[in-house]
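# Understanding the architecture of this molecule
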Amino acid sequence: MKVLVVDDDVVSRMVLMHLIDSCGVHDIVEAEDGAAAWEQLEGGLRPALCFCDLRMPRLSGMELLQKIRSDSALDAMPLVLVSSANDQDTVRDAVQAGAAGYIVKPFQPEQVRLHIDACFDVAPLPAEAPLATAQRLGIDHERLLAYLTGFQGQIGAAAEQVEALLASGEPVQARQQLERLHLGCRTLGLHGAEAAMLALLQGAVLDGGQMQTALAALARSVAQQAHLLGEQDDAD
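The present account deals with the structure reproduced in this document. Small disclaimer: the values here were computed from a predicted structure and weren't measured.

## Observations regarding helix H5 (residues 109–118)
Burial of H5 is extensive: 7 of the 10 residues sit out of reach of the surface. Restricting attention to buried positions, one finds in H5 the residues Glu110, Gln111, Val112, Leu114, His115, Ile116 and Ala118.

Structure, rendered in structure tokens:
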């Protein structure tokens, strides 16, 4: 699997590349900014996944994402935006534009692994139609998007927290974190992810590998719902 890393800050780029390599992915391509990345993509580069900084000269991460989503040869490529900005408006705009995820700097290994693991299983999980979810909850599209965006951030944080709790011998607290995510899946109509989380919780012992797989599937499902909701808003 080939991964593209785009960041104008060389230190951030090196740190992220090291984390990706530690996840077992060694075919890594780097670009110093969005314009350099776009030149490589136009030249035929087809990575399975791209991690891209949000704020860069010449071509920002959001601008690169928009170019990729408007190109039929590239629009299926998952792009994860990374940034020090963590305000809800920025995260919402990124998800609505079609980002597969959003990671806040400094990078956490579990958050990086979450998106890499998701690339090994690209089939979307069953989920309620976003419009049906909004109607069931009695909320508008903007509020549902805010819920999805917030939930995506919670998934990334949980991946790190649960690993730490298991490592410190606190499985009860780790299960409580996962049970909250399971409840979130049910509330947001993420049926496939809900089933995966339930199967994980029903195990006698929490398995770290299975947990990361379930969380990666959940993160992908949330991103897919947000993207579908954004497409519906554009159509309206």
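## Brief notes about the sheet that holds strand S1 (residues 2–6)
Each strand in a sheet pairs with another by means of backbone hydrogen bonds, the pair being arranged parallel or else antiparallel. On the basis of which strands lie adjacent, the open sheet formed by 5 strands has the order S2-S1-S3-S4-S5 and parallel pairing. The strands lining the two open edges of the sheet, one partner per strand, are strand S2 (27–31) and strand S5 (101–104). Going from strand to strand, the sheet's axes swing by 20° on average, the running direction of each strand aside. Alignment of strand S4 (residues 79–83) against S5, held across 4 bridges, turns out to be parallel.

## Considerations on the packing of helix H2 (residues 34–42) against helix H3 (residues 61–69)
What describes two packed helices is the angle between their axes and the distance between those same axes. One can describe the packing of H2 onto H3 by two numbers: an axis separation of 9 Å at closest approach and a directional angle of 20°. What the angle tells us is that H2 and H3 run roughly parallel. Handedness of the crossing formed by H2 with H3: right-handed. For the pair formed by H2 and H3, the contact residues are Gly34, Ala37, Trp38 and Leu41 on the first element and Leu64, Lys67 and Ile68 on the second.

## Brief notes about the packing of helix H7 (residues 141–167) against helix H8 (residues 171–187)
Here H7 crosses H8 at 160°, and the two axes come no closer than 9 Å. In terms of orientation, H7 and H8 fall into the roughly antiparallel class. In this structure, H7 meets H8 at a crossing whose hand is left-handed. Within the contact between the two elements, H7 uses Phe151, Gln154, Ile155, Ala158, Gln161, Val162, Leu165 and Leu166 and H8 uses Pro171, Gln173, Ala174, Gln177, Leu178, Arg180, Leu181, Gly184 and Cys185. Taken together, the residues of the contact of H7 with H8 sort by class into 11 nonpolar, 5 polar and 1 charged.

Here is what the cut-offs are and how they apply
- Residues numbered from 1 in each chain as written.
- Predicted model: local features only at pLDDT ≥ 70, side-chain atom pairs only at ≥ 80, totals over all residues.
- Heavy atoms only, no water.
- Buried < 20%, exposed > 50% of the residue type's maximum accessible area, 1.4 Å probe, protein only.
- Helix = DSSP H or I, 4+ residues; strand = E, 2+ residues; numbered from the N terminus.
- Pairing = 2+ DSSP bridges.
- Axes fitted to C-alpha atoms, helices over the stretch in contact; angles between N-to-C directions.
- Parallel < 35°, antiparallel > 145°, perpendicular 65-115°, else oblique.
- Left-handed = near helix turned anticlockwise from the far one by under 90°.
- Contact = heavy atoms within 4.5 Å.
- Nonpolar A, V, L, I, M, F, W, Y, C, P; charged D, E, K, R; others polar.

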